[in-house]
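What the coordinates show
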There are 2 protein chains.
Amino acid sequence: MKDNVKVGLLGLGTVGTGVVKMIQDHQEQLAHRVGCSVEVTKVLVKNVDKKRDVELSKESLTLDPYEVINDPDVDVIVEVMGGIDDTKKLLLDALNQKKHVVTANKDLVALYGSELLKAASENGCDFYYEASVAGGIPIIRGLADGLASDKIKTLMGIVNGTTNFILTKMNKEGMCYEAALKEAQDLGFAESDPTSDVEGLDAARKMAILARLAFSMNIELEDVDVSGISSVSDSDLKHGQTLGYTMKLIGYADQSDARAEVSVQPTFLSNDHPLASVNDEYNAVYVYGEAVGETMFYGPGAGSLPTATSIVSDLVAVITNMRLGVNGKSISAPQFEKQLKKPEEKFAKYFIRLHVRDEVGAFSELTKLFSANSISFEKILQLPLEEEGVAEIVIVTHKASMENYQKMQEQIKDLAVVRSIESFYRVEGEGAK
Amino acid sequence: MKDNVKVGLLGLGTVGTGVVKMIQDHQEQLAHRVGCSVEVTKVLVKNVDKKRDVELSKESLTLDPYEVINDPDVDVIVEVMGGIDDTKKLLLDALNQKKHVVTANKDLVALYGSELLKAASENGCDFYYEASVAGGIPIIRGLADGLASDKIKTLMGIVNGTTNFILTKMNKEGMCYEAALKEAQDLGFAESDPTSDVEGLDAARKMAILARLAFSMNIELEDVDVSGISSVSDSDLKHGQTLGYTMKLIGYADQSDARAEVSVQPTFLSNDHPLASVNDEYNAVYVYGEAVGETMFYGPGAGSLPTATSIVSDLVAVITNMRLGVNGKSISAPQFEKQLKKPEEKFAKYFIRLHVRDEVGAFSELTKLFSANSISFEKILQLPLEEEGVAEIVIVTHKASMENYQKMQEQIKDLAVVRSIESFYRVEGEGAK
């Protein structure tokens, strides 16, 4: 066993810089943990002359990824450059050259995680990806080791900091969506093109990774039903608050009878649910295990140093495995064949806001339609609107099947008393677990 | 490598029964994880004829612990019998016979963890104790692996479910301490002799274990300053609420400049601190790492199946290590020499409630005394009392040193205007981190 492990870094943006900093600043602590020194010796950059926050020799910087991948001295590749197809090819090449890989790339892991893990295992290499989900929160490890012996039934995550920041602003300060998005952009929490965050795609990638691990089933990105927060209105939030709910963009994964469902959607959480008080840009993952019951992991979902913490912890695991000679040994294929729930097997409560003609018999028409589809009401709120002759009705249903909801949604549009369906949200976190 | 790992169980109370159940019910999942079957073959009980919730052959039950420890077929000992000195001897004997040990015994780990870990390492055996702190929450693993690369600055825990249940009842329902304790006892959350819980000793043991791991320093039980909740009054809680605080029994561990402090004490937490909304019998551990920032692990602190989940996850780790031939290899001695903070190095805010004579100049006398000891005020609340001529004053200070607080506390008793000092609590969770 060598007494100096050499790391090749692909990418030197904010996270890459954080990784170099942590390795340099925590040298002594790392050496105590892994029994040898750790050094970043080759770094892929876009510009070798740029001034940087960390000290790296000029010779260690390169514009050519293969100078990192092919360097015979490099033991571990840390990938923080992003990208999908080219990056996948690079990492497969690295694994085939028996280099271990640590990545923070959720897009890549969501799409090609299984393939990369297989290649790693075949090469006797490690492939770790703690930083790809929820930045500094050790949730991958929590699922893989801490809750290893339990059967996970439900996993709910606030796994996108941008949307949580926006919803917190809307919820606590009564801002409208556009103003909250603008503030998130001004503070650097949202990109100038925020689509991937606000439409739920970023969260969907993370949920595919988490659900795959939690259910030991090959869940793919296209198995995740996605809807984002861009059409959430401040009146929705206000009515939700009246009824005791907080709106969050929730990644929801559930299995019963070996069938899974995974979705990302704006969801009204009961205020006493542990996730309801996760605010601002923070992330949290709530796990309901058959034996353990309710647990939650909370922390920063992004940022240079939090993400670097997860990467360096993965690096510690790789180097420990190197010293023990057991790299790649803990990778196991999914235990169960993928089976997804059909619409009639998915159950939830829903919050529905409608505008109806304020006339005799209106409510009874609604009631008839819901009962015809076996959906019953848990809460009802009726409010007059400014417009004469129109009332606003908010309904929270008891649990019913997706199949019945879909039928009801088809039919309700045709009711003469219904002027418009304003919104339709899942409700979670209360009632029988 | 054998294709059937045999477990010897010391104790078959609620947790032991949970362990047997989980191993039996999750047989298939366990086999997939560790590549072999797992079986409980010898069990120490108090009465072999007692009717039980789990199926175990009569031959597997024994009244003699050495029939478990000495059984040549047993690979791993799971200790859930409790006790200190006799149990320590048993586990040392087991380790010396090259049996791996998994324990849920916080008293034992708090007092003799270092000695047992050393014996395990010398024998090439594993010694795991996830279940000894915070039941089903994988916090030991979170600290040892997930946050391995970070420097942990502060760790705060709600690690005793009984006191958290009592304080939640007092806080949310305005109950007095005695009534809340009675309800906890009726529901089985508190023992008939609740001393160890309510006086903070149980939490102190867990904090010694957590601080040792977080700071890689040999913190001992006697290094923990302890005070309990039995003198917390409902008026304290009411005044705290007025000022935006929630009372919790907080285990506090902090290090700066390589010096540590560890305490357990009733603490006013700012309402927006993540621990403030951890209610009922739940536990949570908040960790502030230099790089990661704020994280929190939340879950059930006790209970048969949650605790069994942690034990079986430890068992999975032991068996994985067996298959890889690396047992005992990940045990490392503390990195740093123990150094504790002196009173002048401990800083905190405090909440002080006093009764003073309501006369001209009273407040200025108080002010003089606090300034003489370099303690400044952040919040002040003055209320009239029913008794004529007496006022109640609540002060929340800015951060000051323990040394200055102690001097002030000595001197304040002698002030002519002060009738009585009603309470004195640490305040955490707001202001500069």
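Please read all numbers here as calculations on a predicted model, not as lab measurements.

With that settled, the discussion passes to the interface of chain B and chain A. At the interface, 45 residues of chain B touch 45 residues of chain A. Carbon and sulfur atoms supply 58% of the area that chain B and chain A bury against each other, a total of about 4000 Å² over both sides. Here chain B and chain A share zero salt bridges between them. In this assembly, chain B and chain A are joined by 17 residue pairs in polar contact (both at pLDDT 80 or more). A per-class count over the side of chain B that touches chain A returns 21 nonpolar, 14 polar and 10 charged.

Below, the discussion takes up the sheet that holds strand β5 (residues 100-103) of chain A. All names here are of chain A. The six strands lie next to each other as β3-β2-β1-β4-β5-β6, forming an open sheet whose pairing is parallel. With partners counted over all chains shown, the strands left at the sheet margins are β3 (61-62) and β6 (127-128), one partner each. With seven bridges joining them, strand β1 (residues 4-10) and strand β2 (residues 37-44) adopt parallel strand pairing. Bridged to K6 within β2 is E39.

It is worth spelling out empty space enclosed by the protein at this point. Evaluation of the coordinates by the stated rule reveals two cavities of 30 Å³ or more. Taken as a whole, the largest cavity spans an internal volume of roughly 50 Å³. As for the largest cavity, its lining consists of P138(A), R141(A), G142(A), G146(A), F297(A), P138(B), R141(B), G142(B), G146(B) and F297(B). Listed by contribution, the elements that provide at least two residues to the lining of the largest cavity are α6 (139-146) of chain A together with α6 (139-146) of chain B. Among the residues making up the lining of the largest cavity, the classes are represented as four nonpolar, four polar and two charged. Estimates place the volume of the second largest cavity at around 30 Å³. If you go around the second largest cavity, the residues you meet are I352(A), L354(A), M408(A), Q409(A), I412(A), I421(A) and F424(A). Going through the elements one at a time, β13 (347-357), α14 (402-412) and β17 (418-428) of chain A are the ones with two or more residues in the lining of the second largest cavity. Top element by residues in the lining of the second largest cavity is α14(A). It accounts for three residues. Split by residue class, the lining of the second largest cavity holds six nonpolar, one polar and no charged.

Here the structure, examined in full by the defined rule, presents 25 aromatic pairs over all chains. Taking 5.9 Å as the distance between ring centres and 35° as the angle between the ring planes, the aromatic pair formed by Y245(A) and F268(A) counts as tilted. Of this pair, Y245(A) sits in strand β9 (residues 245-256) while F268(A) sits in strand β10 (residues 259-270), placing them 23 residues apart in sequence. Pair check on accessibility: Y245(A) and F268(A) agree, each one buried. For the ring pair F363(A) and F377(A), a centre distance of 6.2 Å and an interplane angle of 80° mean the geometry is edge-to-face. Of this pair, F363(A) sits in helix α13 (residues 362-372) while F377(A) sits in strand β14 (residues 377-384), and the two are 14 residues apart along the sequence. In this arrangement the basic side chain of K88(B) is found over the ring face of Y112(B), its NZ or CZ atom lying 4.1 Å from the centre. When the ring centre of Y252(B) is taken as origin, the NZ or CZ atom of R426(B), which lies over that ring, is 3.9 Å away.

So, on to the side chain of S60(A). All names here are of chain A. Structurally, the position occupied by S60 is in the loop between β2 and β3. The exposure class of S60 is buried, given its relative accessible area of 5%. Excluding residues that lie within four positions of it along the chain, S60 makes contacts with T41, K42 and V43.

With that settled, consider the UniProt feature "active site" (unreviewed entry) in chain A. All names here are of chain A. Mapped onto the present numbering, the UniProt feature "active site" (unreviewed entry) falls on K206. Topologically, K206 is positioned in helix α10 (residues 201-215). For K206, the residues in contact, after removing those within four places along its chain, are K106, S132, V133, V159 and N160. There is a polar contact of 2.7 Å between the side chain of K206 and the side chain of D202.

Okay, the domain arrangement of chain A next. It is common to give the size of an interface as the accessible area lost on bringing the parts into contact. Residues and elements named next belong to chain A. Split by domain assignment, chain A resolves into domain 1 (4-135 + 304-324), domain 2 (139-300) and domain 3 (343-428). Here the C-alpha centre of domain 2 lies 28 Å away from the C-alpha centre of domain 1. Between domain 1 and domain 2, the residue contacts involve 18 residues of the former and 14 residues of the latter. Taken over both partners, the interface formed by domain 1 and domain 2 buries close to 1400 Å², and the fraction arising from carbon and sulfur atoms is 60%. Together, A110, E130 and V133 form the three largest contributors to the area buried by domain 1 at its contact with domain 2, with a combined 37%. The tally of links between domain 1 and domain 2 comes to four salt bridges.

Let us look at the UniProt feature "binding site: L-homoserine" (unreviewed entry) in chain A. Residues and elements named next belong to chain A. Mapped onto the present numbering, the UniProt feature "binding site: L-homoserine" (unreviewed entry) falls at E191. Take E191: it is sitting in the loop between α8 (177-186) and α9 (195-198). Judged by relative accessible area, E191 falls into the exposed class, the value being 55%. Not counting residues within four places of it along the chain, the set of residues in contact with E191 comprises Q185 and D197.

Right, let's get into the relation of the copies chain B and chain A. Screw-axis analysis of chain B against chain A gives a translation of 0.0 Å along the axis, an RMSD of 0.0 Å, and a rotation angle of 180°. Interpreted geometrically, this transformation is the action of a two-fold axis. Measuring from the rotation axis to each C-alpha of chain B, the shortest distance belongs to F297(B), at 2.4 Å. A share of 100% of the interface residues of chain B reappears at the interface of chain A, consistent with the copies meeting face to face through the same patch.

Analysis parameters
- For every chain, the first residue of its written sequence is number 1, and the numbers climb from 1 along that sequence.
- The naming scheme follows written order: chains are lettered A onward, ligands numbered 1 onward.
- Predicted model: local features are reported for residues with pLDDT of at least 70 only, side-chain atom pairs are reported and counted for 80 or more only, and whole-chain, interface and lining totals are derived from all residues.
- Calculation of side-chain values draws on the structure's entire complement of heavy atoms; hydrogens and water are dropped beforehand.
- Any two residues whose heavy atoms approach within 4.5 Å at even a single point are treated as in contact.
- As used here, buried area is the combined drop in accessible area, with a 1.4 Å probe, of two parts when they are placed together.
- Any Lys or Arg side-chain nitrogen found within 4 Å of a carboxyl oxygen on Asp or Glu counts as a salt bridge.
- Counting of polar contacts relies on pairs of N or O atoms within 3.5 Å, with two restrictions inside protein: one atom must be capable of donating a hydrogen and the other of accepting it, and residues adjacent in sequence are counted only when both atoms are side-chain atoms.
- Each residue gets one label: Ala, Val, Leu, Ile, Met, Phe, Trp, Tyr, Cys and Pro are nonpolar, Asp, Glu, Lys and Arg are charged, and the others, such as Gly, are polar.
- When DSSP finds at least two bridges between two strands, those strands are taken to pair.
- In this text, helices come from DSSP runs of H or I with a minimum length of four residues, and strands from runs of E with a minimum of two, each type numbered from the N-terminal end.
- Buried and open spaces are told apart on a 1 Å grid over the protein atoms alone, a cavity being a set of points where a 1.4 Å probe fits but cannot get out and a pocket being an open set with protein on both sides within 12 Å along at least five of seven lines. Residues with an atom within 4 Å of a point are the lining residues.
- Grid points are joined across faces, edges and corners, and a volume is the space filled by probe spheres set on the points.
- Side-chain rings of Phe, Tyr and Trp (the six-membered ring for Trp) are treated as a pair once their centres are within 6.5 Å; stacked means planes under 30 degrees apart, edge-to-face means over 60, and tilted covers the remaining angles.
- Burial here depends on accessible area, computed with a 1.4 Å probe over protein chains only, as a share of the maximum for the residue type. Under 20% is buried, over 50% is exposed, and the range in between is partly exposed.
- Ring-over charges, as used throughout, are those where CZ of Arg or NZ of Lys falls within 6 Å of the ring centre and within 35 degrees of the ring normal.
- UniProt positions are given in the numbering used here, feature names are shortened, and annotations may be inferred rather than shown by experiment.
- Domain delimitation in this document rests on an assignment produced automatically or drawn from a domain database.
- Each copy is superposed on the other by least squares, with the fit set by C-alpha atoms of residues at a pLDDT of at least 70 in both.

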